[in-house]
Amino acid sequence: MTVTERRIVRQEWYETETTKTGWDSHGWTFDNGEQMDDSWTIVSHLTLDKHYNAWVGIAEREVDGSRF
């Protein structure tokens, strides 16, 4: 049996001189500061900043339900 695990993720955007858009990010992180790995997929963007950068979203992944 598989279970869909969902978590809120955040992204900190900062202004930079070296990127084409002028804005960069360290990627998506969970509220506990843990970096999101490749097993997660962003399924929804909840909040955008004034430059349309997503900074709050929902990530989900399929996990083995037998461990619960």
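Residues numbered from 1 in each chain as written. Predicted model: local features only at pLDDT ≥ 70, side-chain atom pairs only at ≥ 80, totals over all residues. Heavy atoms only, no water.

In this section: the environment of alanine 59. Mapping alanine 59 onto the fold places it in strand β6 (residues 54–64). For alanine 59, a relative accessible area of 0% puts it in the buried group. Distance in space between the C-alpha atoms of alanine 59 and arginine 6 is 5.6 Å, their sequence separation being 53 residues. Here alanine 59 is in contact with Glu5, Arg6, Arg7, Val9, Met36, Trp40, Thr41 and Ile42, once residues within four sequence places are set aside. (Helix = DSSP H or I, 4+ residues; strand = E, 2+ residues; numbered from the N terminus. Buried < 20%, exposed > 50% of the residue type's maximum accessible area, 1.4 Å probe, protein only. Contact = heavy atoms within 4.5 Å.)

Next up on the list: the sheet that holds strand β1 (residues 2–10). Read across the open sheet, the four strands follow the order β4-β1-β6-β5; overall the sheet is antiparallel. Lying at the two open borders of the sheet, with one neighbouring strand each, are β4 (29–30) and β5 (41–48). Here six bridges tie β5 to β6, and the two strands are oriented antiparallel to one another. Along β6, the bridge assignment pairs serine 44 with isoleucine 58. (Pairing = 2+ DSSP bridges.)

Attention shifts here to the nonpolar core. With seven residues, the main nonpolar core is built from Val9, Trp28, Phe30, Met36, Trp40, Ala54 and Ala59. For tryptophan 40, the residues in contact, after removing those within four places along its chain, are Glu5, Arg6, Arg7, Phe30, Ala59, Glu60 and Arg61. (Core = buried A, V, L, I, M, F, W, Y, C linked by side-chain atoms within 4.5 Å.)

Going through the model one piece at a time under the given rule, you end up with one aromatic pair. Relative to tryptophan 40, the ring of phenylalanine 30 has its centre 5.1 Å away and its plane inclined at 65°; by these criteria the two rings are edge-to-face. In this pair, phenylalanine 30 sits in strand β4 while tryptophan 40 sits in the loop between β4 and β5, placing the two residues ten residues apart along the sequence. Residues phenylalanine 30 and tryptophan 40 agree in their burial class; the two are buried. The side chain of arginine 7 reaches across the aromatic face of phenylalanine 30, ending 3.6 Å from its centre. (Phe/Tyr/Trp six-rings, centres within 6.5 Å; stacked < 30°, edge-to-face > 60°. Lys NZ or Arg CZ within 6 Å of the ring centre and 35° of its normal.)

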